[in-house]
Amino acid sequence: MEEYRPYLPDDWGNDDKMTVLFSPFRENREINPVSWDAKMKFWTDMIEWELKYSNQAVIDVKQFPHRFKRNGKSPTCLNKVLNEMLRAGTIMKLSDYESNANMGWVSWGFGMLVKKPVSWAFSTAIGSYRKEPELDGEYVFVDIIKEKAKHVLDHHHRLTGSKTLHDVVCLNALRQQCREICTDERTFMLVLTQLKVDGKIVLIETQTKEKFVKFCNKSESRVKPVTDVDQSILRLSQREHDLLKEVETLYSDCEKCHEEARAFVKKGQSASAKTALRRKRTIQSVIDKREAALANIQNLLLQIRNAHSDKMTMDAYGAGSEALKSARKDGASLGEVDTLMAELDELMAEQAEFDISLAQGPSSNLDISMSDLEKELEDLELEDTDTGKENPVLPEVPDLLPSVPKFEPSYGSDDSALNSTFTLDDNPVDKTPVLH
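Everything numeric here is computed off the predicted structure, so don't read it as measured data.

Analysis parameters
Residues numbered from 1 in each chain as written. Predicted model: local features only at pLDDT ≥ 70, side-chain atom pairs only at ≥ 80, totals over all residues. Heavy atoms only, no water. Pairing = 2+ DSSP bridges. Helix = DSSP H or I, 4+ residues; strand = E, 2+ residues; numbered from the N terminus. Axes fitted to C-alpha atoms, helices over the stretch in contact; angles between N-to-C directions. Salt bridge = Lys/Arg side-chain N within 4 Å of Asp/Glu carboxyl O. Buried < 20%, exposed > 50% of the residue type's maximum accessible area, 1.4 Å probe, protein only. Contact = heavy atoms within 4.5 Å. Core = buried A, V, L, I, M, F, W, Y, C linked by side-chain atoms within 4.5 Å.

Chemist: Help me understand the sheet that holds strand S6 (residues 211-215), please; the structure alone is not making it clear to me.
Modeler: Sheet strands associate in pairs through backbone hydrogen bonding, adopting either a parallel or an antiparallel arrangement. The 3 strands lie next to each other as S4-S6-S5, forming an open sheet whose pairing is antiparallel. The sheet is open, and its two borders are formed by strand S4 (168-170) and strand S5 (201-205), each paired with just one other strand. Within the sheet, the average angular offset between the axes of one strand and its neighbour, ignoring direction, is 30°. Examined bridge by bridge, S5 and S6 share 5 bridges and lie antiparallel to one another. Residue pairing across strands places Glu205 opposite Lys211, the latter belonging to S6.

Now the structure itself:
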């Protein structure tokens, strides 16, 4: 069944008009230039509407005509339309687009990125007919990629707000943020390529193969080169991400210990319940330390992201590092920033080793009092008792119900009497059977 398109014109139901529009173009445009140009405009508009409707920017030219199938037939004139769009710079072969982007787009002299009307190419062939080459493969609609690139940039600036936030974003996070603008991975990468060509982003890959994107600030026309401060922020962001995942896992382990303790209480195994609660307290102490480190990093990042200059960023580093027992003097150089970040990394590593040792088991320095454990165990037992009261045990329903006596009247020679012992003592109506 042919799919309905909301953009289809009223003439789509007119068989006579659509027969003409589906047929090949005349060889000589000059025979009827008005009709020829109107037909070209009809199909260029239809192609643009179809791509916006499907939210796509790349097409396979052999399969594309089937999208306009009508009464089982596809248009036979689209090769001509696509060739004209190719000459106008509206579309490019996918491989050319990627290679030209990597070369700085010099070979195409990309004034062509500014849309020119398809009719501009007609002046080179007025009154003559050229045999159009049969296009094959995949082609990119340049204007759609440019439009999506603008949407991605605007979307990022809306997320960062009116204040100056640091514009380094994890590639995976950016992909999630833009999933409604770029519905597939290839379109997303083409959009990033366009932004890179336009000087709006730079791509960063860390030593651990993590990929990041740095955007130009809203007040800037081009993105600034990646600095040492950017790389330091990346390290902090990665540490923040790792700590968030670790805290989430620790909370899950803590909840499992709590559930284990509840299960032991229900079985009356108080000693095992205490062990589970002790393990829960140990994990909770690790969580507290991880969250303290996370808060320090997040506070540091927040100050950096609200800084309006490199000097303010340096001051923010100093203020944030104080929480992690580091400091610096005013007028620090970029070299001192690296030293400061190395100290932060060393402090975090030492803290991680210390917390891991704590997580391996209770120690004499871990303040878990027996009275606290007894109190938590008592609470669990009380909770279990209250649960039992709220759900009292009811007697089981018997499988067999009492049998109902059968009433079978005996008809003898005496019609006035019934040989039956069945009575209905609780029936308010006349209990004497009536025979007919």
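Chemist: Honestly, the pattern of salt bridges in this entry has me stumped. Any pointers?
Modeler: Pairs can form between side chains of opposite charge whenever their charged atoms are close. Applying the stated criterion across every chain yields a total of 17 salt bridges. For the salt bridge of Lys17 with Asp11, the shortest nitrogen-to-oxygen distance reads 3.6 Å. Residue Asp11 is classed as partly exposed on the basis of its relative accessible area, which comes to 33%. The salt bridge involving Arg70 is made with Asp15; its shortest N-O contact spans 2.5 Å. Separated by 55 residues along the polypeptide, Arg70 in the loop between strand S1 (58-60) and helix H3 (78-88) and Asp15 in helix H1 (residues 15-22) bring together distant segments of the chain.

Chemist: How should the sheet that holds strand S2 (residues 91-93) be read in this particular structure?
Modeler: The strand order S1-S3-S2 describes an open sheet built from 3 strands, whose pairing is antiparallel. Two strands lie at the open edges of the sheet, namely S1 and S2, each paired on one side alone. Across the sheet, the mean angle separating the axes of adjacent strands is 30° when strand polarity is ignored. Of the strands in this sheet, S2 and strand S3 (138-141) are in contact with helix H5 (residues 142-160), which crosses S3 at around 50°.

Chemist: How do you make sense of the environment of Ile201 when you look at a structure like this?
Modeler: Inspection of the secondary structure assignment puts Ile201 in strand S5. Along the backbone, Ile201 and Val213 are 12 residues apart, and their C-alpha atoms lie at a distance of 6.5 Å. If sequence neighbours within four positions are ignored, Ile201 has contacts with Leu192, Leu195, Lys196, Val213, Lys214, Phe215 and Val223.

Chemist: Looking at this structure, I do not really get unusual backbone geometry. What am I missing?
Modeler: In this structure, Asn55 takes a positive phi of about 55° despite not being glycine. Its identity is not glycine, yet Asn71 carries a phi of approximately 50°, on the positive side. Structurally, Asn71 is set in the loop between S1 and H3. By relative accessible area, which is 56% here, Asn71 ends up exposed.

Chemist: Hey, could you run me through the nonpolar core in this one?
Modeler: A general tendency of soluble globular proteins is for nonpolar side chains to be buried together. In this structure, Trp43, Ile47, Phe68, Leu82, Phe141, Leu195 and Phe215 are the most contacted members of the largest nonpolar core, which totals 54 residues. Among the elements that take part in this core, helix H2 (residues 33-54) stands out by supplying 7 residues, more than any other. Setting aside anything within four residues of it in sequence, one finds Phe68 in contact with Tyr7, Trp12, Phe22, Trp43, Met46, Ile47, Glu50, Lys73, Pro75 and Leu78. Grouped together as the second largest cluster of nonpolar side chains are 10 residues, Leu243, Leu294, Leu301 and Ile304 included.

Shape descriptors only; they carry no functional weight alone.
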